[in-house]
Amino acid sequence: MAERKVLLDNLPQDSSPSIVRLINMYNPVKSLETLSADSDLTLAQVFNIAGHLIYWGDAIVIFPLSETNMYAIAPNVPTERNNKFAKKFEKRFPGQKLLEVMSEFSFPTSLQYKMCPIEDKSSGSTTIQMLIWLLQHKMLLQYHTYVYFMPSSKGLGYYNDESEFHDYNNKHPSEAPMTTYQTLSENWLQLSSGGYSSSMSSAEEMFHSLDEDEQIALMHIPASANPDDFRLLMRLLKQGYLSGEHHLEEIMYLENIRRSELLKLLDKFKDVLVTVEMEDPIISNFYSH
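Residues numbered from 1 in each chain as written. Predicted model: local features only at pLDDT ≥ 70, side-chain atom pairs only at ≥ 80, totals over all residues. Heavy atoms only, no water.

**Quick word on the packing of helix α2 (residues 17–25) against helix α4 (residues 43–55)**
Argument step 1. α4 packs onto α2 with a crossing angle of 85 degrees between their chain directions and a minimal axis gap of 11 Å. Put simply, α2 runs roughly perpendicular to α4. Packed against α2, whose contacting residues are Ser18, Ile19 and Leu22, the element α4 presents Gln45, Val46 and Ile49 at the interface. (Axes fitted to C-alpha atoms, helices over the stretch in contact; angles between N-to-C directions. Helix = DSSP H or I, 4+ residues; strand = E, 2+ residues; numbered from the N terminus. Parallel < 35°, antiparallel > 145°, perpendicular 65-115°, else oblique. Contact = heavy atoms within 4.5 Å.)

**Topic: the pattern of salt bridges**
Argument step 1. All chains considered together, the criterion is met by 6 salt bridges.
Argument step 2. A salt bridge links Asp228 to Arg231; its shortest N-O distance comes to 3.1 Å. Of this pair, Asp228 and Arg231 both sit in helix α12 (residues 227–238), 3 residues apart, which is roughly one turn of the helix.
Argument step 3. A salt bridge links Asp229 to Lys268; its shortest N-O distance comes to 2.9 Å. Of this pair, Asp229 sits in helix α12 while Lys268 is found in helix α14 (residues 259–268), placing the two residues 39 residues apart along the sequence.
Argument step 4. Looking at Lys268, the relative accessible area reads 37%, which means it is partly exposed. (Salt bridge = Lys/Arg side-chain N within 4 Å of Asp/Glu carboxyl O. Buried < 20%, exposed > 50% of the residue type's maximum accessible area, 1.4 Å probe, protein only.)

**So, α12**
One turn of an α-helix holds 3.6 residues; hence residues three or four places apart share an orientation.
Argument step 1. With 12 residues, α12 ought to run about 16 Å at 1.5 Å a step, and its terminal C-alpha atoms sit 16 Å apart, in line with that.
Argument step 2. Three or more residues of α12 are buried, namely Pro227, Asp229, Phe230, Arg231, Leu232, Leu233, Met234, Leu236 and Leu237.
Argument step 3. Downstream of α12 by a residue or two, Gly240 has a phi angle that is positive, lying close to 85 degrees. (Expected span 1.5 Å × (residues − 1).)

**Overview of the pairing of strand β3 (residues 140–149)**
Argument step 1. Counting buried residues in β3 gives 9 out of 10 residues, a clear majority hidden from the surface.
Argument step 2. Note: strand β1 (residues 70–73) against β3, 4 bridges, orientation antiparallel. Among the inter-strand pairings, Tyr71 is bridged to a residue of β3, identified as Gln142.
Argument step 3. Judged from the 7 bridges that link them, β3 and strand β5 (residues 273–279) form a sheet pairing that is antiparallel. (Pairing = 2+ DSSP bridges.)

**A closer look at the packing of helix α5 (residues 84–92) against helix α8 (residues 126–136)**
If you want to describe how two helices pack, look at the angle between their axes and the distance between the axes.
Argument step 1. Where α5 meets α8, the closest approach of the two axes is 12 Å, and the angle between their N-to-C directions is 155 degrees. Relative to α8, the element α5 lies roughly antiparallel. Crossing of α5 against α8: the hand is right-handed. Contacts from Phe85, Lys88, Phe89 and Arg92 in α5 reach Gln129, Met130 and Trp133 in α8.
Argument step 2. For the contact of α5 with α8, the per-class residue count stands at 4 nonpolar, 1 polar and 2 charged. (Left-handed = near helix turned anticlockwise from the far one by under 90°. Nonpolar A, V, L, I, M, F, W, Y, C, P; charged D, E, K, R; others polar.)

**Here's the deal with the nonpolar core**
Argument step 1. With 30 residues, the main nonpolar core has Leu218, Met234, Leu236, Phe269 and Leu273 as its most contacted residues.
Argument step 2. Residue contributions to this core peak at 6 residues, all from α12.
Argument step 3. Met234 has contacts with Ala203, Met206, Phe207 and Leu218, leaving out every residue within four places of it along the chain.
Argument step 4. Counting 24 residues, the second largest nonpolar core, distinct from the first, contains Val77, Met102, Trp133 and Leu141. (Core = buried A, V, L, I, M, F, W, Y, C linked by side-chain atoms within 4.5 Å.)

**A word on the packing of aromatic side chains**
Argument step 1. Overall, the coordinates contain 4 aromatic pairs when judged by the stated rule.
Argument step 2. Where Phe89 meets Phe93, the ring centres are 5.0 Å apart and the plane angle is 45 degrees; that geometry is what we call tilted.
Argument step 3. Overall, Phe89 belongs to the buried group, its relative accessible area being 0%.
Argument step 4. With 5.6 Å between their ring centres and 65 degrees between their planes, Phe207 and Phe230 make a pair best called edge-to-face. (Phe/Tyr/Trp six-rings, centres within 6.5 Å; stacked < 30°, edge-to-face > 60°.)

In structure tokens form, the structure reads like this:
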């Protein structure tokens, strides 16, 4: 929450060099894990230092800045024209009006839509610096993507009724469920012979634990025939990540999955997955002015 120079100047003279090194290496686009590597500190040390900074009100924890991050105005943010934040903002960014900048986040907005395509996307650009300032003062709240597994039997309906199901098979015989299922089985066998029988067996068990309608909905998706995609989907489903209780950043961290890999999976299985954007209810409890 404090500026880097102010924070360093306020440190006691006998402060640990590790704290100084971490503060100097800090960058809002870096995760704590990356900071650990860049500052040559253990992750436990980084957690410990970050905990102290948060406790003393000198820092807050945010998810690393990314073009796909969604932000909106935080609740209870003062909107008076000449409030204390407006004066501080205009002093920090001459020529910019706080209320005008805030109005651009009246609805959840991603950074990639906020920035000009030719604008510098590094942490030194004016747009990024204004965003960092708003986050430091808890004026913006990040919205996260939550995922729900919603095949036909849970409301979204891959097929509306039995007759529609038969009509689909008559029109698209090559995409009938049994054909896809046979492809799945063949890929499972091939993968098992390649030494991945344990993980694929777990995925197959998860698949067979689903309702018949859910299995049919999955078997109509071409990506289900890809062992890697199918295994990852079943893994996330088994771990309970597709019930709308975990956002993408949580899944990425807990399962060690890249954002790009996760987004590709969501796109491939979009017929049975529903995504919603909303704030993290736990984090939002800490936002008050």
